[in-house]
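# Secondary and tertiary structure notes
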Amino acid sequence: MADYDPRLVRLYDTDNPGGADHDFFRTLADEVDARSIVDLGCGTGVLTVALAAPERTVVGIDPSSSMLTFARARPGAERVSWRLGDSGTIGGAEADLVVMSGNTAQHIVGMAWHRALADIYRGLRPGGSLAFERRNPTAREWEHWTRDKTYSTRQTAVGDLVEWFEVTSVGETGDVAFTSHNLLTAPGEQAPETITEHATLAFRGIDEVTADLGAAGFTSVEAWGGWHREPMAATSPLMIFQARRPESGIRGTVNLRVPG
Ligand SMILES: C[S@@+](CC[C@H](N)C(=O)[O-])C[C@H]1O[C@@H](n2cnc3c(N)ncnc32)[C@H](O)[C@@H]1O
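Residues numbered from 1 in each chain as written. Predicted model: local features only at pLDDT ≥ 70, side-chain atom pairs only at ≥ 80, totals over all residues.

### Section: the sheet that holds strand 8 (residues 175-185)
Backbone-to-backbone hydrogen bonds pair the strands of a sheet. The strands run either parallel or antiparallel. Quick note on the threshold: At least two bridges found by DSSP between two strands is the condition for calling them paired. Segments assigned H or I by DSSP are reported as helices when at least four residues long, segments assigned E as strands when at least two residues long, and all are numbered from the N terminus. As a rule, the C-alpha atoms of each element are fitted with a line to give its axis, helices using only the stretch in contact, and angles between N-to-C directions run from 0 to 180 degrees.
Taken in spatial order, the 4 strands make up an open sheet running 6-7-8-9, and their pairing is antiparallel. Bordering the open sheet on either side are strand 6 (152-156) and strand 9 (193-202), each of which pairs with just one other strand. Direction aside, neighbouring strands of the sheet carry axes that sit 25 degrees apart on average. As judged from the 10 bridges shared by strand 7 (residues 159-170) and strand 8, these two strands associate in the antiparallel manner.

### What about the site of the ligand?
Inclusion rule: Any residue whose backbone-placed C-beta atom lies within 6 Å of a molecule or strand is treated as near that molecule or strand. Ten residues, namely Ala, Val, Leu, Ile, Met, Phe, Trp, Tyr, Cys and Pro, are considered nonpolar, four, namely Asp, Glu, Lys and Arg, are considered charged, and the remaining ones, Gly among them, are considered polar.
In the vicinity of the ligand, 19 residues are found, and the nearest of them are Gly41, Gly43, Ser64, Ser101 and Gly102. Residue classes in the shell around the ligand are distributed as 7 nonpolar, 10 polar and 2 charged.

### A word on the nonpolar core
Our working rule: The term nonpolar core means buried Ala, Val, Leu, Ile, Met, Phe, Trp, Tyr and Cys residues held together as one set by C-beta atoms within 7 Å. Residue burial here comes from a neighbour count, namely the number of other C-beta atoms, placed from the backbone, that lie within 10 Å of the residue's own C-beta, with 20 or more meaning buried, 12 or fewer meaning exposed, and in between meaning partly exposed. Contact between residues is assigned whenever the C-beta positions, reconstructed from backbone atoms, fall within 7 Å.
Ile37, Val38, Val98 and Phe241 are the most contacted members of the largest nonpolar core, which totals 52 residues. Top element by residues in this core is strand 4 (residues 95-100). It accounts for 5 residues. Excluding residues that lie within four positions of it along the chain, Ile37 makes contacts with Ala29, Leu51, Arg56, Val58, Ala95, Asp96, Leu97 and Val99.

### Things to note about the domain arrangement of the protein
The condition is simple: What marks off one domain from the next here is an automatic or database domain assignment.
Taken domain by domain, the protein consists of domain 1 (6-138 + 203-257) and domain 2 (140-201). On the domain 2 side, the residues contacting the 12 residues of domain 1 number 13 residues. Elements with a contribution of two residues or more to the side of domain 1 that touches domain 2: helix 1 (6-15) and helix 5 (104-107). Among the elements that make up the side of domain 1 that touches domain 2, the one with the highest residue count is helix 1 (4 residues). Of the residues assigned to the side of domain 1 that touches domain 2, the class counts are 6 nonpolar, 2 polar and 4 charged.

This is the structure:
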């Protein structure tokens, strides 16, 4: 994959401070009494380090070298084992909990998504949980990712930054490709440098995601529409999932519970 620019990675935590989402994952870890956690797509590692606790092992995995370099240098990083890679590096972790926060699940596109679910299933102990969120395609959030609606100018720790998003394609299967434009004028420089990053996010509805989880072997899925476990409505912008690997190795029908 093309890696993120390290200067933009430095801004990630300011732009994406942990809030109710991190509280949700930390509470869940306590509820399931997780002794072993894998944070897949850990990024800069804010949540990963916050999940670390005595008597608990935490592994942070990310395919981005610049994200992982930043994570490894953050305070508390020594409490986590960091791995450069994707779900293929989970192995037979026997984890109690695997989390994918910050819409990481949407970054795993096409067949890689199905491989990731199979890898996660194998990496969980029987009875272990997978938790993640995705944007709900019914809210059509990508329609707001236009130059006009996202254009901003600000001073940052790495210089003056002008930035905007632009969707470049919306595929029939829900893959949304977009470009992030960044004009960065570093301190002491006169002219901006252009940093352009491309990404594709997969949008999948609740029924598709439930079917994907079932195909990977998960039999029990719960979905909420908000970080305080609000019921999910058809147009909830967020879909938050907890899926459990069955205690027995016997495959069954996936059962979706949408608490209301
Ligand atoms: C928006 S960031 C979220 C980071 C972090 N989990 C958080 O909550 O802030 C998405 C992360 O997914 C990672 N990613 C991209 N493709 C991936 C893949 N195939 N498997 C695992 N992680 C992936 C990116 O490198 C990036 O760090």
